[in-house]
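One-letter residues, chain by chain:
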Amino acid sequence: MEDFFKELIEYTHIHNDKVIDSLMSVNFPPEKSIRLINHTLNAHEIWNSRITKEYAEVGVWDIRDLNNLKEINRLNYINSLSIIETSDFNTIINYKNSKGIHFINTIRDILFHIVNHSTYHRGQIATDCKINEITPLVTDYIFYKREI
């Protein structure tokens, strides 16, 4: 399972980077896409911090400079890999969501959610780009598998 999660987190990292590069390549990236990629990375950071029991200094909908997003994505990737390499996937994590409501989930569930959440929002970004006449990226997992 460790290898599979490493692969999923790598897929997430690579395709988040591609989306960031794509948004940086246009003169006026759509505001909604900027908001969504920030949200995706912020949520990843927050989920990692819930697992490691560290404080995340970012809010789930905070907007950070587009020029800093690749570094944030890289740090999320490194932190997730560390979690995968050092954690029992069945460990239960107690946390509060952004509204203060208490939940419990396993590390396995949280890691899968990080990947699924990122994929979902990359799909929204692709739709937003198409609406704004920007060629959307194909970031499906199967295409990642064909490339490696």
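Quick look at the structure, then. (Residues numbered from 1 in each chain as written. Predicted model: local features only at pLDDT ≥ 70, side-chain atom pairs only at ≥ 80, totals over all residues. Heavy atoms only, no water.)

## A word on the packing of helix α2 (residues 31-52) against helix α3 (residues 69-86)
Rule in force here: Axis definition: a line fitted to C-alpha atoms, over the contacting stretch in the case of helices. Angles run 0 to 180 degrees between N-to-C directions. Only DSSP runs of H or I covering at least 4 residues are called helices, and only runs of E covering at least 2 are called strands; the numbering of each starts at the N terminus. Working definition: roughly parallel below 35 degrees, roughly antiparallel above 145 degrees, roughly perpendicular at 65 to 115 degrees, and oblique for all remaining angles. Take the far helix as your reference; a near helix turned counterclockwise from it by less than a right angle gives a left-handed crossing, and one turned clockwise gives a right-handed crossing. Should any heavy atoms of two residues lie within 4.5 Å, those residues are considered in contact. Polarity classes work like this: nonpolar for Ala, Val, Leu, Ile, Met, Phe, Trp, Tyr, Cys and Pro, charged for Asp, Glu, Lys and Arg, and polar for all others, with Gly in that last group.
Between α2 and α3, the least distance of the axes is 10 Å, while the angle of their chain directions is 30 degrees. One way to sum up the angle between α2 and α3 is to call them roughly parallel. The two elements α2 and α3 meet at a crossing, and its hand is left-handed. Contacts from Ile37, Asn38, Leu41, His44, Glu45, Asn48, Ile51 and Thr52 of α2 reach α3 at Leu69, Ile72, Asn73, Asn76, Asn79, Ser80 and Ile83. Each residue belonging to the contact of α2 with α3 can be placed in one class, and the counts come to six nonpolar, eight polar and one charged.

## Considering the pattern of salt bridges
In plain terms, the rule: For salt bridges, the criterion is a side-chain nitrogen of Lys or Arg within 4 Å of an Asp or Glu carboxyl oxygen. Relative accessibility thresholds used throughout: buried, under 20% of the residue-type maximum; exposed, over 50%; partly exposed, between the two (1.4 Å probe, protein chains only).
A complete count under the given rule lists nine salt bridges for this structure. The residue Glu2 makes a salt bridge to Lys6 at a minimum N-O spacing of 3.2 Å. Here the residue Glu2 and the residue Lys6 both occupy positions in helix α1 (residues 2-24), the gap between them amounting to four residues, near one helical turn. Residue classification places Glu2 among the partly exposed residues on the basis of a relative accessible area of 32%. Since its relative accessible area comes to 25%, Lys6 is described here as partly exposed. The closest approach of N and O atoms between Asp109 and Arg108, which form a salt bridge, is 4.0 Å. We classify Asp109 as partly exposed; its relative accessible area is 35%.

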